[in-house]
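One-letter residues, chain by chain:
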Amino acid sequence: MRLIKYGHACWRLEKDGKVLVIDPGIFSEAEALDGADAVLITHQHADHLDPDRLRSAPADLEVWTCEAVAGELAEVPVKVQTVRHGDAFEVAGFGVRAFGEWHAANHPDMSVVENVGFLIDDEVFYPGDALTVPGVEVPTLLVPTTAPWLRLPDMVEYLRTIRPARAYSTHDALYSEVGLGLLDTWLKLEADKQGADIRRVPAGGSVDLA
């Protein structure tokens, strides 16, 4: 499986000629959806969901997501499937399990929205905007590294709780170049401590999983 990082919180997974895209929001590049067989969307915030972009996608594109996002896509001509915590399904040759129910607490005046994380092929876990602990082995974690709802100690504790063999930064477009340098340092410190591959993959970069 190949993981390709796009802007901010979007990832593209390629395997055996099939393409699965996670959270193609407004901060990610349009080409992330090129040739996509299916899309997973964790929640309704615009940095993870861009209905206008999906509106121009092929009508047979499958979108798997939570109930709140399904409502947002009611007028978008794609095939929307609703999932919730505990569900398992197969799409485009990928096995997917859903974990989690709610977005992490954000601004005190903002409602907490639904958020569902996805474990793909029992290999890659993408929690969305939450620090969900799925309670199963996670070989590869796409770890949120900056957000209004996220503190550095919480991110580090999440990595130490999950203890993946590999973890790659996501949700990181809010950093300046200086901030990205700091992030790289923090991730290397944790990589050295855990003896794991923990780092930032720049937008356009990729990782091949055996």
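Residues numbered from 1 in each chain as written. Predicted model: local features only at pLDDT ≥ 70, side-chain atom pairs only at ≥ 80, totals over all residues. Heavy atoms only, no water.

An unreviewed UniProt entry lists the chain under the name MBL fold metallo-hydrolase, with Nonomuraea rhodomycinica given as the organism.

Asks: Please clarify how the nonpolar core should be interpreted in this entry.
Replies: As a rule of thumb, nonpolar side chains are buried together in soluble globular proteins. Counting 45 residues, the largest nonpolar core has Leu 40 and Ile 120 as its most contacted members. Residues within four places of Ile 120 in sequence aside, it is in contact with Met 1, Leu 13, Leu 20, Ile 22, Leu 40, Phe 94, Gly 95 and Val 96. Counting residues in each nonpolar core, the second largest holds 21 residues, with Phe 125, Val 138, Leu 150 and Met 155 among its members. (Core = buried A, V, L, I, M, F, W, Y, C linked by side-chain atoms within 4.5 Å. Buried < 20%, exposed > 50% of the residue type's maximum accessible area, 1.4 Å probe, protein only. Contact = heavy atoms within 4.5 Å.)

Asks: Got a minute to help me understand the side chain of Arg 12 in this structure?
Replies: Among the secondary structure elements, Arg 12 is positioned in strand β2 (residues 11-15). Within polar-contact distance, the side chain of Arg 12 engages the side chain of Glu 14 at 2.7 Å. A polar contact is formed between the side chain of Arg 12 and the backbone oxygen of Asp 34, at a distance of 2.7 Å. (Helix = DSSP H or I, 4+ residues; strand = E, 2+ residues; numbered from the N terminus. Polar contact = N/O pair within 3.5 Å; in protein donor to acceptor, adjacent residues only side chain to side chain.)

Asks: Sorry if this is basic, but what is going on with empty space enclosed by the protein here?
Replies: Any empty space left between the atoms is revealed when a probe the size of a water molecule rolls over them. On inspection of all chains with the given rule, the structure shows 1 cavity of 30 Å³ or more. Of the pockets and cavities examined, the largest cavity occupies roughly 30 Å³. Every residue lining the largest cavity is listed: His 45, His 103, Ala 104, Asn 106, Met 110, Ser 111, Val 112 and Val 113. A class-by-class count of the residues in the lining of the largest cavity yields 4 nonpolar, 4 polar and no charged. (1 Å grid on protein atoms, 1.4 Å probe; cavity = no way out; pocket = protein on both sides within 12 Å on 5 of 7 lines; lining within 4 Å. Points joined across faces, edges and corners; volume = space filled by probe spheres on them. Nonpolar A, V, L, I, M, F, W, Y, C, P; charged D, E, K, R; others polar.)

Asks: Which parts of the structure should I look at to understand helix α3 (residues 152-162)?
Replies: Each turn of an α-helix holds 3.6 residues, which means side chains three or four residues apart point in the same direction. Taken residue by residue, α3 has Met 155, Val 156, Tyr 158, Leu 159 and Ile 162 as its buried positions. In an axial view of α3, the angular spread of the buried residues amounts to 155°, which keeps them on one side of the axis. Those residues of α3 that are buried are in contact with β10 (124-126), β11 (140-144), β12 (166-170), α4 (177-194) and β13 (197-199). Taken from the residues just after α3, Arg 163 is the one with a positive phi, measuring 50°. (Arc of directions from axis to C-beta.)

Asks: So what exactly am I meant to see when it comes to the packing of aromatic side chains here?
Replies: Given two aromatic rings, their pairing is described by the distance between the two centres and the angle made by the two planes. As enumerated under the stated definition, the model contains 2 aromatic pairs in all. Taking the centre distance of 4.0 Å and the plane angle of 0° together, the rings of Trp 64 and Phe 89 count as stacked. Within this pair, whereas Trp 64 is found in strand β5 (residues 62-65), its partner Phe 89 is found in strand β7 (residues 88-91), the two being separated by 25 residues in sequence. A single burial state applies to Trp 64 and to Phe 89, both of which are buried. (Phe/Tyr/Trp six-rings, centres within 6.5 Å; stacked < 30°, edge-to-face > 60°.)

Asks: I keep staring at the sheet that holds strand β14 (residues 206-208) and nothing clicks. Help me out?
Replies: To summarise the sheet geometry, strands pair through backbone hydrogen bonds and adopt either a parallel or an antiparallel arrangement. A sheet is described by the order of its strands in space; here 7 strands give the open sequence β6-β5-β4-β3-β2-β1-β14, paired in mixed fashion. A strand with exactly one partner marks an edge of an open sheet, and here the two such strands are β6 (79-82) and β14. In this sheet, adjacent strand axes meet at a mean angle of 20° when their direction is disregarded. The pairing of β2 with strand β3 (residues 18-22) spans 5 bridges and is antiparallel. Counted as the bridge partner of Trp 11 is Ile 22 from β3. (Pairing = 2+ DSSP bridges. Axes fitted to C-alpha atoms, helices over the stretch in contact; angles between N-to-C directions.)

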